[in-house]
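Descriptive structure summary
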Amino acid sequence: MYLIECASAISVSTSFSAGSSIEQNPPLRSFYDYQLYTPSGEALNLDNLPSELLEADIILVGEWHTHSGIHRFQTDLLKALALENDSRALSMEQFTRDNQNVVDEYLASEIGEQTLIKQGGGWPNYESDYRPLVELAKQANLPIIASNAPKPIVRCIGRQGLDYLNKLDDEKRALVAAQIDTSSSPYKDKFMASMHHATRHKQKDSTLHNSLGMPQWQRVSLIT
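Residues numbered from 1 in each chain as written. Predicted model: local features only at pLDDT ≥ 70, side-chain atom pairs only at ≥ 80, totals over all residues. Heavy atoms only, no water.

**Details of the overall build of the protein**
Regarding its fold elements, the protein presents nine helices and five strands. Each of the 224 residues in the protein was classed as buried or not, and the buried ones make up 38%. Restricting to contacts in the protein with at least 6 residues of sequence separation, those with at least 24 account for 62%. Approximately 13700 Å² of the protein is accessible, and the part contributed by carbon and sulfur atoms is 48%. (Helix = DSSP H or I, 4+ residues; strand = E, 2+ residues; numbered from the N terminus. Buried < 20%, exposed > 50% of the residue type's maximum accessible area, 1.4 Å probe, protein only. Contact = heavy atoms within 4.5 Å. Areas by Shrake-Rupley, 256 points an atom, 1.4 Å probe, with all protein chains shown as cover.)

**Brief notes about the nonpolar core**
In this structure, Phe95 and Ile144 are the most contacted members of the largest nonpolar core, which totals 21 residues. Where this core is concerned, the elements lending two or more residues are α2 (68–84), β4 (90–96), α3 (100–107), α4 (113–119), α5 (126–139) and β5 (144–148). With six residues, the single largest contributor to this core is α5. Once you skip the residues sitting within four places of it in the chain, Ile144 turns out to touch Leu90, Met92, Gln100, Val103, Asp104, Leu107, Val134 and Ala137. Formed by 10 residues, the second largest nonpolar core is a distinct cluster that contains Leu49, Leu53, Phe73 and Ala80. (Core = buried A, V, L, I, M, F, W, Y, C linked by side-chain atoms within 4.5 Å.)

**Side note on the side chain of Thr96**
Relative to the elements of secondary structure, Thr96 occurs in strand β4. A polar contact of 2.5 Å, which involves the side chain of Thr96, links it to the side chain of Asp98. For Thr96, the contacting residues outside a window of four places in its chain are Ala146, Asn148, Ala149 and Pro150. (Polar contact = N/O pair within 3.5 Å; in protein donor to acceptor, adjacent residues only side chain to side chain.)

**Describing unusual backbone geometry**
Leaving glycine aside, a negative phi is the common case for residues, and trans is the common case for peptide bonds. Positive phi values are uncommon outside glycine, yet Ser109 reaches one of about 60 degrees. You will see that Asn141, though not glycine, has its phi angle at about 60 degrees, which is positive. With respect to the element layout, Asn141 can be found in the loop between α5 and β5.

**A short note on helix α8 (residues 186–194)**
Residues of α8 that are buried include every one of Lys188, Phe191 and Met192, and no others. Along the axis of α8, the buried positions cluster into a sector of 95 degrees, meaning they face one direction only. In α8, the exposed positions angled more than 90 degrees off the buried face are occupied by Pro186 and Ala193. (Arc of directions from axis to C-beta.)

**Looking at α3**
Within the span of α3, buried status applies to Val102, Val103, Tyr106 and Leu107. Down the axis of α3, the smallest arc covering the buried residues is 135 degrees, so these residues share one side. Packing partners of the buried residues in α3 comprise β4, α4, α5 and β5. Once α3 finishes, Ser109 follows within two positions and takes phi at roughly 60 degrees, a positive value.

**Details of the packing of α2 against α5**
To describe two helices that pack against each other, one gives the angle between their axes and the distance between the axes. Contact geometry of α2 with α5 gives a least axis separation of 9 Å together with a crossing angle of 10 degrees. Considered as vectors, α2 and α5 are oriented roughly parallel to each other. Here His71, Gln74, Thr75, Leu78 and Lys79 of α2 lie close against α5, whose contacting residues are Asp129, Tyr130, Pro132, Leu133 and Leu136. Of the residues that constitute the contact of α2 with α5, the class distribution is five nonpolar, three polar and two charged. (Axes fitted to C-alpha atoms, helices over the stretch in contact; angles between N-to-C directions. Parallel < 35°, antiparallel > 145°, perpendicular 65-115°, else oblique. Nonpolar A, V, L, I, M, F, W, Y, C, P; charged D, E, K, R; others polar.)

**With respect to the pattern of salt bridges**
As enumerated under the stated definition, the model contains four salt bridges in all. When the shortest N-O distance is used, the salt bridge between Arg72 and Asp76 registers 3.8 Å. Residue Arg72 and its partner Asp76 are both found in helix α2; the two are separated by four residues, about one turn of the helix. In this structure, Arg131 and Glu127 form a salt bridge, with 3.5 Å as the shortest nitrogen-oxygen distance. Here Arg131 pairs with Glu127, and both are found in helix α5, just four residues apart, close to one helical turn. Residue classification places Arg131 among the partly exposed residues on the basis of a relative accessible area of 30%. By relative accessible area, Glu127 is classed as partly exposed at 40%. Residues joined by salt bridges that share partners form a network here, namely Asp33, Arg72 and Asp76. (Salt bridge = Lys/Arg side-chain N within 4 Å of Asp/Glu carboxyl O.)

Interpretation in functional terms is not warranted from these geometric data alone.
Here it is in structure tokens:
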């Protein structure tokens, strides 16, 4: 796991091995600055990415929503990866699977940006935070995968449980992950521990509920 330090961000101590420490570097002076570190605490430059990242089949990049430094990092990272391998694809939870055709039409310049936002269900902060990613992918001819499960389906699962999937026809069922595993695992435990907006008094048995009425971990399982 690599750590991204951003101005005003909270460092995650679990990202480091025991006894490791972050090297002293120039302070991050603005909300747009960031610094990437290796698990051992060494500063990392995007111009010299480690082979583990360059050769990986899938790279998961988390974010602190609306933090400008993290969104800038995401775009810089995609640019660095695209220069190394133009067969990359960008997967975004900010678009749902049922709007994949809208995303494709925008990338093909068949529709404008406002149509993408309105018909594609763009997040309220799309223009400020995600436009750079999408425009970079469009310029570099990289496909964008609309990866999130549609909200109405997620909401119904939150209210009725996973058995709701059995009520869907084949077309709608294909909009949710084919295999859903909500059992305990080291990855799930690490994920739950990393949820920065979780509070101890709101957590019970490592289950975090979101506004859709279902455990956050279960919701993530629907799109993977």
